[in-house]
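Listed here are the chains, written in short residue letters.
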Amino acid sequence: MKTEILFGINPVYEALRAGRRDIFKVYITKEKISKRLEKVIALADSLKISVEASTPLYLKSISGTDHHQGVGAETGAYPFVKVSEIVNSVQKDNSTLFLLLLDNIMDPHNLGALIRTALCVGMNGVIIPKDRSAVPTPTVSKASAGALEHICLSRVTNMVSTIKRLKECGLWIAGMDRVSEETIFTSDMKGINAIVVGGEGRGIRPLVKKHCDVLLSIPQNGPIDSLNASVAGAVAMYEAFRQRRLLNRWK
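Everything quoted here is computed from the prediction, not taken from an experiment.

Draft legend 1. Summary view of the overall build of the protein. Across its full length, the protein holds nine helices and ten strands. In terms of C-alpha radius of gyration, the protein reaches 20 Å, essentially the compact-globule figure of 18 Å for 251 residues. Counting across all 251 residues of the protein, residues that qualify as buried make up 48%. Pairs at least 24 apart in sequence give 82% of the contacts found in the protein among residues at least 6 apart. About 12700 Å² of surface is accessible on the protein, with carbon and sulfur atoms providing 51% of the total.

Shown next as C-alpha cells:
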C-alpha cells in the first residue's frame, strides 16, 4: 500500500478531523509540545491512532522538509472523488452546484491556495486534469492549511469532455480570461455553477475556453496586467459567493 507523510499542524489535524484518509501513525517531536500539538495528540488518541515521539531531524527525513512544525502523519493516498459523486451530492436541483475547475495549475502552492478558498466559499468540489496539473501532495495540503483534507477533489482525463457533461446536466460554466470585455463585476454570476481558472502564465487552454458559456475578466489598474492564478481564482470565487448570498437574502 502506498503511503505518504503529511506534515504541519493544520494538515495533520484536519486529516484526523475529516476522517477521509487512512491514518496509520502520528509523529510528534519531543522537544516542545504546544497547545496546538496537544490538540493533535488528543484527537489522535480519541481515534485510537498511535502517536510516536520523534525528533525534528527524523521528521525532516521522512517528510522532506524543515517546515513540519513538529508533527507528521503516515497516511494512505489522497481519496479522490468521482465527478458524478460530486454532482449527485446535491439533491434535486443542480442549480445550487458550485464547482471550481482548474486547467493546468502546475504550482502546488497555487493549487493549495485555490482549494483553501474553494472550501471557504462552500464549493461542492474541485476538478483537476490528470495531466499537466499539480497533484494533491502533502505540500498542497500544507499550502491549503488542511483544506485539502475536507474538499471533494476529482481528477479527470479530459477537461473538455468533463465540461460538456456538466453542461448536459444543466450547469453554467464561466471561464476566467483576462482579455474578456465582460468582467466579474458586470456579469450576473448568481447562476454560474462552475468557474474555470487557467494555469500560471498561459491561462485557460483555447479548447477549454471555447466550451465555456461565458468568459470573464477581473478589472485592474496599474502597470502589472495580470494576477497570480490563485489570487485571480479567489477574487472570482468570492464575487460569485457574494452575489449568491445576495440572491439567497432576497428570496
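Draft legend 2. View of the layout of surface pockets. Roughly 470 Å³ of internal volume is contained in the largest pocket. Along the wall of the largest pocket there are 22 residues; nearest its centre are R178, G199, G203, S226 and L227. Broken down by secondary-structure element, the contributors of at least two residues to the lining of the largest pocket are strand 9 (194–198) and helix 9 (229–250). Per-element tally for the lining of the largest pocket: the top contributor is helix 9, with three residues. When its residues are assigned to classes, the lining of the largest pocket shows eight nonpolar, nine polar and five charged.

Draft legend 3. Molecular detail of the nonpolar core. Ranked by internal contacts, the top residues of the largest apolar core, which has 34 residues, are L100, L102 and I195. Of all the secondary-structure elements, those providing two or more residues to this core are strand 5 (99–103), helix 5 (108–120), strand 6 (125–129), strand 8 (173–176), strand 9, strand 10 (214–216) and helix 9. If you tally residues by element for this core, the top one is helix 9, at five residues. Here I195 is in contact with F98, L99, L100, L101, M123, A174, M176, M189, A236, M237 and A240, once residues within four sequence places are set aside. Ranked by size, the runner-up nonpolar core spans 21 residues in total, among them V83, V90, A194 and I204.

Draft legend 4. The sheet that holds strand 8, seen in detail. Strand order in the open sheet made by the six strands is 7-6-5-9-8-10, with parallel pairing throughout. Looking at which strands have only one partner, the edges of the open sheet turn out to be strand 7 (153–156) and strand 10. Neighbour-to-neighbour, the strand axes of the sheet open up by a mean angle of 25°, direction not taken into account. As judged from the three bridges shared by strand 8 and strand 9, these two strands associate in the parallel manner. When the bridges of strand 9 are listed, A174 appears paired with I195. Across the sheet, helix 5 lies against strand 5 and strand 6, angled at about 170° from strand 5, the strand it touches most. Helix 7 (residues 159–168) rests against strand 5, strand 6, strand 7 and strand 8 of the sheet, and its axis sits at about 160° to strand 5.

Draft legend 5. View of the packing of helix 1 (residues 9–18) against helix 2 (residues 35–46). Between helix 1 and helix 2, the shortest axis-to-axis distance is 10 Å and the interhelical angle comes to 25°. Here helix 1 is positioned roughly parallel relative to helix 2, judged by the angle of their axes. Here helix 1 and helix 2 pass one another in a crossing that is left-handed. When helix 1 is examined against helix 2, the residues I9, N10, V12, Y13, L16 and R17 are found in contact with a partner set consisting of R36, L37, K39, V40, L43 and A44.

Draft legend 6. Just unusual backbone geometry, in detail. A positive phi angle, near 60°, is found at Q69, a position not held by glycine. With respect to the helices, strands and loops of the structure, Q69 is situated in the loop between helix 3 (56–63) and strand 4 (71–76). For Q69, a relative accessible area of 38% corresponds to the partly exposed category. One non-glycine residue, R132, lies in positive phi territory at about 55°. Relative to the elements of secondary structure, R132 occurs in the loop between strand 6 and helix 6 (138–143).

Thresholds applied
Residues numbered from 1 in each chain as written. Predicted model: local features only at pLDDT ≥ 70, side-chain atom pairs only at ≥ 80, totals over all residues. Heavy atoms only, no water. Helix = DSSP H or I, 4+ residues; strand = E, 2+ residues; numbered from the N terminus. Rg over C-alpha atoms; globule rule 2.2 N^0.38 Å. Buried < 20%, exposed > 50% of the residue type's maximum accessible area, 1.4 Å probe, protein only. Contact = heavy atoms within 4.5 Å. Areas by Shrake-Rupley, 256 points an atom, 1.4 Å probe, with all protein chains shown as cover. 1 Å grid on protein atoms, 1.4 Å probe; cavity = no way out; pocket = protein on both sides within 12 Å on 5 of 7 lines; lining within 4 Å. Points joined across faces, edges and corners; volume = space filled by probe spheres on them. Nonpolar A, V, L, I, M, F, W, Y, C, P; charged D, E, K, R; others polar. Core = buried A, V, L, I, M, F, W, Y, C linked by side-chain atoms within 4.5 Å. Pairing = 2+ DSSP bridges. Axes fitted to C-alpha atoms, helices over the stretch in contact; angles between N-to-C directions. Parallel < 35°, antiparallel > 145°, perpendicular 65-115°, else oblique. Left-handed = near helix turned anticlockwise from the far one by under 90°.

Read these as geometric descriptors, not functional statements.
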